[in-house]
Amino acid sequence: MKVPAVSGGQVACVSLHNKQQTSPTVSARKILLSGQVQGVGFRPFIYRLALEHDLVGWVRNCVGAVEVHVQGEAENLENFVGDVFAKKPSLAKPKLESDELTAVGEFEIFSIKESQCQGNANISLPADLFLCDDCLAELNDPADRRYRYPFINCTQCGPRYTLIKKLPYDRPNTTMAEFELCPACLAEYQDPGNRRFHAEPVACPDCGPSLSFVVDEVMLNDNQSSLKKAVEVLRQGKVIAVKGIGGYHLVCDASNTDAVSRLRKNKPRPDKPLAVMFPAPINNPFEYAEQSLSLSKADKVFLQQPARAILLVQKNSASKLSEQIAPGLNEVGVMLPYSPLHHLLLNDFGGPLVATSANISGEPVLIHSHDIEKRLAHVADAYLHHNRSIQRPADDPVYKTIAAKPRPIRTGRGSAPMELSLPFELDRPVLAVGAHMKNTITLAWKNRAVISPHIGEMDSARSMEVFENTINDLQKLYGVAAELILCDAHPGYSTTRWAKKQNKTVKKVHHHHAHASTAYFECETDERVMVFTWDGVGYGEDDTLWGGETFLGKAGAWQRVASMRPFYLPGGDKAGRQPWRSAAALCWEIGQDYDDIPEKDPLLKQAWQRKINTPQTSSVGRIFDAAAALIGVRNEASFEGQGPMELEALCNNSNHHIELNLEISNKLLVTDWQALVPVMLDSTLSRNERASLLHTSLAHALLKQATAIRETHGINIVSFAGGVFQNRVLSEQAIALLTAHGFEAHLPELIPVNDAGISFGQVMEYGFSQ
């Protein structure tokens, strides 16, 4: 017999001590805790802690907080409050909002009360969690009733953000509400001595979600037979769409070049790197990964952090991974299994699997079975579905180690929404809608900011749909209605056009000001700083396309003090995917011919000379693109930044550099890139030598600018923003040079330096200038 799903009501918890007698030595305290206190086993922890200190009272969820009434001997109360923070669950991040004396009540026990849905919201959304070691052990224990159950979880693991419909975080408010708890699961849920005490997604094979497998129009509806068939199909070299926590992955054998090549061809994703997931046996989680990768101790620590993010790491010489995983590159995006389904699939398969987002390239990851079977039927040969609904998409986060620390390239499942405290109080709630590429949005109010997970490139209907859903979703979940919209100054961005259509006040923020302000936030200083904002292109104050700017000041008050020599881009936006256009631009700018042009259009140079569809830019990203073409690495790119990534992979340890002139033009320091062009074209040098010279020369040019600015303005703190600084070689060289010359250099660690950080920077710009 099954019983209804729990309602979040009060649990009658049996106490081992008698009714507490009211006496002069007994006092009571009312404590309110905010922060990361829901979805991390915090109420059960408070319950057990109260019993440990011989206290009575109650604990309950409020909207975004946990409220505690606790009473007993004064010394016990003091010890209890100290242990709330000293012994908190590893995933909890409590913040003490208030702690005050209150009237002593008549309580026999300590209990968990029904959640309170009223009151002022001070919400923190719990992130999705990896499978904990205790559940992993049960998953592999034939004697356990959840043996090989693909949806095993407890208070310390499992989905959170992607299944919450509304707060407070109770089972009826999640996508698990449709699954009625069986008597055994309900008993665990109500047992304060059990680690599944108030674990909202708790389930088992008798009452929880289940798998189904579809291949050749035949459906299997059983967990074990679905897994067995999925492994069989993978071993045949086929591609499967697998439903996970925040969306679907496209999965295939990572050592089978034919399978990987077919996935690439059909998606299509001809060159962009693919993520790889390795089996992680419970007794030796890196047994498989170390066969193909060079993992440092720090890499291993990071890969086992709760977010279970993708980390870019070096392949080793014995790697059996297909060269098609990351063609032309020497790093591979690697992650460990983070859901029980992943563990079962990887362990049964016995080797690494490609696990790339199941989407149309550039769009958000797909979360519905009907969308997958309709929109990716040309890619997937089979489908491993499950019937636990995903409320909202959350793609896998991606990090890269630069200067000995993992830096985010993309935030997502397990690391977002990212909640940050602002260094000011906002005058009204604001919504920052970010940039056009690598879009995120930021909702901010009072002194709080919430950055959404990665949304994607804003040039498709699906992206706009998820963009709008995320905006509505965050406002609903946090109980905040934005009164002002912040957007990029570029008139052509989809996000800017969307902002203008809303019936709200709109304020524009220049792209590179937002970049600089995000970097300023991570400097954690009240002093003025120097920020290098090097990227592809962004709309500048002078209506040209900036991308090589240096700013001085603070958020909301930036002074542009340096740049790169500008040049005109033939074809405008086309240059992002056609590096030869940037190469032609640099050559023509200095009066040199450039003949390696795929489009033999005799009018192209004439259009450039007449400045027709040739916007002016100072972009360092486009200088890297130009170098990729001039060196002979890449004329056409299938994804943004492909040429620069390949140049980075070619670098050796050379310290030689070309001195680039630094001049003053209209009171602006301007670095002249001209000396790079003949060296990039010099075929007597190897590609490796030329790629290395490019990086070292730009790093020294950066130092030269910084030194000149310090001499004039006395500023010693330097930070970096913009996608160019995702380049490990350039960033590490720049940091090393600056440090050696007495600068204090900061490369952001919390927020991506690329356009994913623009929305937060927009909030910073507004907050400091309001």
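All of these numbers come straight from a predicted model, not from anything done at the bench.

1. Side note on the overall build of the protein chain
Working step 1: When helices and strands are counted, the protein chain shows 20 helices and 32 strands.
Working step 2: Relative to the globule expectation of 27 Å for 770 residues, the C-alpha radius of gyration of the protein chain, 28 Å, shows essentially globular dimensions.
Working step 3: Viewed in the frame of its principal axes, the protein chain has a C-alpha envelope of about 90 × 60 × 50 Å.
Working step 4: Per-residue burial for the protein chain yields a buried fraction of 61% across its 770 residues.
Working step 5: Within the protein chain, residue pairs in contact and separated by at least 24 positions form 72% of the contacts whose partners lie at least 6 positions apart.
Working step 6: Roughly 29500 Å² of accessible area belongs to the protein chain as shown, and the carbon and sulfur atoms make up 48% of that amount.
Working step 7: The distance from the centre of the 77 positive side-chain charges to the centre of the 87 negative ones in the protein chain is 3 Å.

2. A short note on the environment of Val313
Working step 1: Examined against the element boundaries, Val313 turns out to sit in strand 12 (residues 310-315).
Working step 2: Taking C-alpha positions, Val313 is 8.1 Å from Thr401, a pair spaced 88 residues apart along the chain.
Working step 3: Beyond its immediate sequence surroundings of up to four residues, Val313 is in contact with Leu293, Leu295, Asp299, Asn330, Glu331, Val332 and Val334.

3. Here we look at the sheet that holds strand 3 (residues 65-73)
Working step 1: One open sheet accounts for five strands, arranged 4-1-3-2-5; its pairing is mixed. In this open sheet, the two edge strands, each paired with only one partner strand, are strand 4 (93-102) and strand 5 (110-112). Going across the sheet, the axis of each strand differs from the next one's by a mean of 15 degrees, ignoring polarity.
Working step 2: Looking at chain direction, strand 2 (residues 56-62) and strand 5 are connected through three bridges and run parallel. The residue of strand 5 that forms the bridge with Gly57 is Phe110.
Working step 3: Each of strand 1 (26-36), strand 2, strand 3, strand 4 and strand 5 touches helix 1 (residues 42-52); the most contacted strand, strand 5, lies at about 175 degrees to it.

4. Focus: the confidence of the model for the protein chain
Working step 1: Per-residue pLDDT for the protein chain averages 93, and the proportion of residues at 70 or more is 96%.
Working step 2: Long-range and interchain partners of residues 1-21, a stretch whose pLDDT sits below 50, account for 64 contacts in this model, where long-range means more than four residues apart.

5. Overview of the sheet that holds strand 20 (residues 442-445)
Working step 1: The strand order across the open sheet built from six strands is 18-21-20-19-22-23, with neighbouring strands paired in mixed fashion. Only two strands of the sheet have a single neighbouring strand rather than two, namely strand 18 (418-421) and strand 23 (505-509). If you compare each strand with its neighbour and ignore which way they point, the axes differ by 20 degrees on average.
Working step 2: Where strand 18 meets strand 21 (residues 448-451), four bridges bridge the pair, whose relative direction is antiparallel. Pairing of Met418 across the sheet is with Ile451, part of strand 21.
Working step 3: Along the sheet, helix 10 (residues 461-478) contacts strand 18, strand 19 (430-432), strand 20 and strand 21; its crossing angle with strand 20, the most-contacted strand, is approximately 30 degrees.

6. Quick notes on the packing of helix 15 (residues 620-631) against helix 18 (residues 687-713)
Working step 1: In contact at an axis separation of 10 Å, helix 15 and helix 18 are set at 160 degrees when each is read in the N-to-C sense. Comparing their axes, helix 18 and helix 15 come out roughly antiparallel. As for how helix 15 packs across helix 18, the hand of that crossing is right-handed. When helix 15 is examined against helix 18, the residues Val620, Phe624, Ala627, Leu630 and Ile631 are found in contact with a partner set consisting of Arg687, Arg690, Ala691, Leu694, His695 and Leu698.

7. Some points on the pattern of salt bridges
Working step 1: Overall, the coordinates contain 35 salt bridges when judged by the stated rule.
Working step 2: Asp593 is paired through a salt bridge with Lys605; the nearest N and O atoms lie 3.8 Å apart. On the criterion of sequence distance, the pair formed by Asp593 in the loop between helix 13 (579-589) and helix 14 (602-609) and Lys605 in helix 14 is long-range, its members being twelve residues apart.
Working step 3: Relative accessible area serves as the criterion here: at 57%, Asp593 is assigned to the exposed category.
Working step 4: One network of salt bridges, in which partners are shared, links Glu331, Lys400, Glu648, Arg728 and Glu732.

8. Some details on the packing of helix 18 against helix 19 (residues 728-740)
Working step 1: Taken N-terminus to C-terminus, the directions of helix 18 and helix 19 make an angle of 40 degrees; their axes are 9 Å apart at the nearest point. Relative to helix 19, the element helix 18 lies oblique. In the packing of helix 18 onto helix 19, the handedness of the crossing is right-handed. For the pair helix 18 and helix 19, contact is made by His695, Thr696, Leu698, Ala699, His700, Leu702, Leu703 and Ala706 and by Val729, Leu730, Gln733, Ala734, Leu737 and Leu738, respectively.
Working step 2: For the contact of helix 18 with helix 19, the residue count by class is ten nonpolar, four polar and no charged.

9. Here's the deal with the nonpolar core
Working step 1: Ranked by size, the top nonpolar core spans 70 residues in total, and within it Ile240 and Tyr478 carry the most contacts.
Working step 2: Within the second largest apolar cluster, 67 residues are counted, among which are Tyr594, Ala626, Ile658 and Phe720.

10. Comments concerning the pairing of strand 24 (residues 529-539)
Working step 1: In terms of burial, strand 24 is a largely internal element, ten of the eleven residues being buried.
Working step 2: For strand 24 and strand 25 (residues 545-554), the ladder comprises eight bridges, and the chain directions are antiparallel. By the bridge assignment, Val529 is partnered in strand 25 with Gly553.
Working step 3: Taking the residues that link successive antiparallel strands as the turn, the strand 24-strand 25 hairpin has five residues, and the phi of Asp543 there is positive, at about 70 degrees.
Working step 4: The sheet contact formed by strand 24 and strand 31 (residues 717-721) spans four bridges and is parallel.

11. Notes on unusual backbone geometry
Working step 1: Of note, the bond from Lys267 into Pro268 is cis; its omega dihedral lies within 30 degrees of zero at -15 degrees.
Working step 2: Position of Pro268 among the secondary structure elements: in the loop between helix 6 (257-266) and strand 10 (276-277).
Working step 3: Look at the link from Ala416 to Pro417: it is a cis peptide, with omega at 5 degrees.
Working step 4: Mapped onto the elements, Pro417 comes out in the loop between strand 17 (405-410) and strand 18.
Working step 5: Notably, Asp543 is not glycine yet its phi reads approximately 70 degrees, a positive angle.
Working step 6: With respect to the helices and strands, Asp543 occurs in the loop between strand 24 and strand 25.
Working step 7: Phi angles above zero are rare outside glycine, and Lys667 is one such case at about 65 degrees.
Working step 8: Inspection of the secondary structure assignment puts Lys667 in the loop between strand 29 (662-665) and strand 30 (668-671).

12. Digging into the state of the cysteines
What we call a disulfide is simply a covalent bond connecting the sulfur atoms of a pair of cysteines.
Working step 1: If you walk through the whole model with that rule in mind, you get zero disulfides.
Working step 2: With no disulfide of its own, Cys157 lies closest to Cys135 among cysteine sulfurs, the gap being 3.7 Å.
Working step 3: On the basis of relative accessibility, which here comes to 0%, the residue Cys157 falls in the buried class.

13. Quick notes on the pairing of strand 6 (residues 211-215)
Working step 1: Among the five residues of strand 6, five are classified as buried, and the element is accordingly described as predominantly covered.
Working step 2: Judged by which residues are buried, strand 6 turns out to be covered on both faces: Leu211, Phe213 and Val215 on one side and Ser212 and Val214 on the other are all buried.
Working step 3: Pairing geometry for strand 6 and strand 15 (residues 382-386), over five bridges, is antiparallel. Bridging across to strand 15, Val214 finds its partner in Tyr383.
Working step 4: Of the strand pairs in this sheet, strand 6 and strand 7 (residues 218-220) are connected by three bridges, and their pairing is antiparallel. The partner of Val215 across the bridge, within strand 7, is Val218.

14. Some words on the packing of aromatic side chains
Working step 1: Tallying each qualifying case throughout the model produces 18 aromatic pairs.
Working step 2: Pairing Phe302 with Tyr399 gives two aromatic rings, centres 5.0 Å apart and planes at 55 degrees, and the pair type is tilted. Taken together, the residues span a long stretch of sequence, with Phe302 in helix 7 (residues 297-303) and Tyr399 in strand 16 (residues 398-402) at a distance of 97 residues.
Working step 3: When the centroid spacing of 4.9 Å and the interplanar angle of 55 degrees are considered together, the rings of Phe720 and Phe725 count as tilted. The burial state of Phe720 is the same as that of Phe725; both residues are buried.
Working step 4: By the ring-pair criterion, three or more aromatic residues cluster together here, those being Phe424, Tyr520, Trp546, Phe551, Trp558 and Phe768.
Working step 5: Over the ring of Trp608 we find Lys611, and its NZ or CZ is 4.6 Å from the ring centre.

The rules behind each value
Residues numbered from 1 in each chain as written. Predicted model: local features only at pLDDT ≥ 70, side-chain atom pairs only at ≥ 80, totals over all residues. Heavy atoms only, no water. Helix = DSSP H or I, 4+ residues; strand = E, 2+ residues; numbered from the N terminus. Rg over C-alpha atoms; globule rule 2.2 N^0.38 Å. Buried < 20%, exposed > 50% of the residue type's maximum accessible area, 1.4 Å probe, protein only. Contact = heavy atoms within 4.5 Å. Areas by Shrake-Rupley, 256 points an atom, 1.4 Å probe, with all protein chains shown as cover. Lys, Arg positive; Asp, Glu negative; His and termini not counted. Charge placed at Lys NZ, Arg CZ, Asp CG, Glu CD. Pairing = 2+ DSSP bridges. Axes fitted to C-alpha atoms, helices over the stretch in contact; angles between N-to-C directions. pLDDT = per-residue confidence, 0-100. Parallel < 35°, antiparallel > 145°, perpendicular 65-115°, else oblique. Left-handed = near helix turned anticlockwise from the far one by under 90°. Salt bridge = Lys/Arg side-chain N within 4 Å of Asp/Glu carboxyl O. Nonpolar A, V, L, I, M, F, W, Y, C, P; charged D, E, K, R; others polar. Core = buried A, V, L, I, M, F, W, Y, C linked by side-chain atoms within 4.5 Å. Disulfide = S-S within 2.5 Å. Phe/Tyr/Trp six-rings, centres within 6.5 Å; stacked < 30°, edge-to-face > 60°. Lys NZ or Arg CZ within 6 Å of the ring centre and 35° of its normal.

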